[in-house]
Amino acid sequence: MHIAVIGAGIVGVTTAHALRADGHDVTVFERRGSAATEGSFANAGFLAPGYVTPWASPDTPRKVLSQLFGREAAVRMVGVPGPALLSWLRRWRRACKPATYARNRDAILRLAHDSLARTRALAEDAQIEYEQGRGALVLLRDQAEIAQVRRGLALLADTGLEFHLVDAEQCRRIEPALEQATQLRAGVHHPDAGIGNCRQFALQLKSLLQADGVVFELQREVQRLEPQPDGIAVYSVTSDMHADSALERGRRSFVEPARSDRFDAAVVCAAIGAPALLSPLQVHLPLQAVYGYSVTLPVRHFEAYPDMGPRAALVDERYKVSITRLGDRMRIAGSAELGGTADDLRDDALATLYRVLEDWFPSAARQGQAQTWKGARPMLPDGPPAIGASGVPHLWINTGHGGSGWALACGGARLLADLIAERTPAIDASAFSPQRW
């Protein structure tokens, strides 16, 4: 078949790879001028099944409400929530029931395990060279955090994940550059957790796919999809993402008629842009943009201390902020912001990232060379992404991964390709059905 993939983030690129591996002709549409420029651009980089759990959990509402409007809160509400966000929050609250959470958690963990194995195998087989590493350490500042984490460790033990509860001295052996003056009681070490530069991986995979005949239509924005008896029509225009003004965008859209291309099938991987394409077809996904922040900084080197940064990845449990080593740089990432826009970088969110960096690695970064990023993570209320048939003939969906797109991309792509081929997937697909809504 000739299949259109809409969106060239990490999910779209890996979807194109899985479909091409099955022998399909693939064309990828991307509104930006390059792949992996939005949610895949500067995320934390975790490839760790232990961190891929639904946001909708029994304990989350209490935690969120206790800190929603705090300056250093891990979850923030910006502005007054509108009807769409209020509806999303109601569905999210219902999904926090213990039985629902357990079912969704197990499904996501199975997909994450499968995806991690496929990501590593693909990188080795295709010789994809990208900044990567192994090992993650969750830092616990006090006894209350230890008690809170212990409840979750029992659940992790049931999944077969390897982890170790270690004391402060062992934490500092694992990460020797940790600041001695910062209070530290214990940590949870995940030795097999993966770390990787998502954008580097996506760009190299894109180049390999192009060499194998996959077509990338960059700066082409898909405006609408039109199912037909024997396929689907994709209407696209030259992207206006870099237009200087609304007037310029309006003129461009008016002057240029939409181009129609016919395909045997289409897969929507357009992340936060998916609802606009799906709603006219009466396919309604309750996606909500949950914004995350990151700051990427070069690691400082001194002759007496050749490396002052982290060796792998750390998570500050109190602030839900990660510090990840990516080659000669480190990335500090965190925050979950509801409301607002991707262009509005809030000082309080960035201040929390720098505060955590100063607590653990106060002299490790050359801060004058910071790369600051804010990206939308399209999240469904119950947690699992939407992967599978849309209910409209010839139209498939692979989106809604929240902050776990990188961790679930290769596994989700294979799951979707198997469903399109009418093969039985390696994992149960029912929890990911887009039609559950």
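Anything mentioned here points back to the structure above.
About the thresholds
- Residues numbered from 1 in each chain as written.
- Predicted model: local features only at pLDDT ≥ 70, side-chain atom pairs only at ≥ 80, totals over all residues.
- Heavy atoms only, no water.
- Axes fitted to C-alpha atoms, helices over the stretch in contact; angles between N-to-C directions.
- Helix = DSSP H or I, 4+ residues; strand = E, 2+ residues; numbered from the N terminus.
- Left-handed = near helix turned anticlockwise from the far one by under 90°.
- Contact = heavy atoms within 4.5 Å.
- Salt bridge = Lys/Arg side-chain N within 4 Å of Asp/Glu carboxyl O.
- Buried < 20%, exposed > 50% of the residue type's maximum accessible area, 1.4 Å probe, protein only.
- Phe/Tyr/Trp six-rings, centres within 6.5 Å; stacked < 30°, edge-to-face > 60°.
- 1 Å grid on protein atoms, 1.4 Å probe; cavity = no way out; pocket = protein on both sides within 12 Å on 5 of 7 lines; lining within 4 Å.
- Points joined across faces, edges and corners; volume = space filled by probe spheres on them.
- Nonpolar A, V, L, I, M, F, W, Y, C, P; charged D, E, K, R; others polar.
- Expected span 1.5 Å × (residues − 1).
- Core = buried A, V, L, I, M, F, W, Y, C linked by side-chain atoms within 4.5 Å.
- Bend = angle between axes of the 7 residues up to and from the residue.

Draft legend 1. The arrangement of the packing of helix α1 (residues 10–21) against helix α7 (residues 198–211) in detail. Where α1 meets α7, the closest approach of the two axes is 9 Å, and the angle between their N-to-C directions is 35°. Between α1 and α7 lies a crossing of left-handed hand. When α1 is examined against α7, the residues Ile 10, Val 13, Thr 14, Ala 16, His 17 and Arg 20 are found in contact with a partner set consisting of Cys 198, Phe 201, Ala 202, Leu 205, Lys 206 and Leu 209.

Draft legend 2. Looking closely at the pattern of salt bridges. A full pass over the atoms with the stated rule returns 30 salt bridges. Note that Asp 142 is salt-bridged to Arg 318, the shortest N-O span being 2.7 Å. Within this pair, whereas Asp 142 is found in the loop between β5 (132–140) and α5 (143–159), its partner Arg 318 is found in the loop between β14 (313–316) and β15 (321–326), the two being separated by 176 residues in sequence. Owing to a relative accessible area of 37%, Arg 318 belongs among the partly exposed residues under this scheme. Put simply, Asp 22, Arg 414, Asp 418 and Arg 423 are held in one network by salt bridges that share partners.

Draft legend 3. Here's a closer look at the packing of aromatic side chains. All chains considered together, the criterion is met by seven aromatic pairs. Both rings, one in Tyr 130 and one in Trp 406, keep their centres 6.2 Å apart while their planes meet at 80°; by these two values the pair is edge-to-face. Of this pair, Tyr 130 sits in the loop between α4 (98–125) and β5 while Trp 406 sits in helix α11 (residues 405–420); the two residues are 276 residues apart in sequence, bridging distant segments of the chain. Per residue, the accessibility class of Tyr 130 equals that of Trp 406, and both read buried.

Draft legend 4. Spotlight on empty space enclosed by the protein. Counted according to the given criterion, the structure contains two cavities of 30 Å³ or more. Approximately 40 Å³ is the volume found for the largest cavity. Around the largest cavity, the lining residues are Asp 114, Arg 118, Gly 411, Arg 414, Leu 415, Asp 418, Pro 425, Ala 426 and Ile 427. Of all the elements in the fold, those that place two or more residues in the lining of the largest cavity are α4 and α11. The leading source of residues in the lining of the largest cavity is α11, at four residues. Along the lines of polarity and charge, the residues of the lining of the largest cavity split into four nonpolar, one polar and four charged. Lining the second largest cavity we find Ala 73, Arg 76, Tyr 319, Val 321, Gly 334, Ser 335, Ala 349, Thr 352 and Leu 353. Mapped onto the lining of the second largest cavity, the elements with two or more residues apiece are β16 (329–338) and α10 (347–360). Considering each element in turn, the lining of the second largest cavity owes the most residues, three residues, to α10.

Draft legend 5. Molecular detail of α1. With 12 residues, α1 should reach 16 Å at 1.5 Å per residue; the first-to-last C-alpha distance of 16 Å fits that figure. Taking burial as the measure, the 12 residues of α1 include nine buried ones, the bulk of the element. Gly 23 occupies a position one or two residues after α1 and carries a positive phi of about 95°.

Draft legend 6. Representation of the nonpolar core. In terms of nonpolar packing, the biggest core is built from 50 residues, with Ile 10, Leu 19, Val 28, Phe 201 and Val 267 touching the most fellow members. Of all the secondary structure elements, the ones that give two or more residues to this core are β1 (2–6), α1, β2 (25–30), α4, α7, β12 (265–268) and α11. Leave out the neighbours within four places in its chain, and Val 28 touches Val 5, Gly 7, Ala 8, Ala 16, Val 214, Val 215, Phe 216 and Glu 217. Judged by nonpolar contacts, the second largest core, of 27 residues, contains Tyr 293, Ile 323, Met 330 and Leu 353.

Draft legend 7. Fine view of α11. Most pronounced at Gly 411, the bend in α11 amounts to some 35°. The buried fraction of α11 is high, at 15 of 16 residues.

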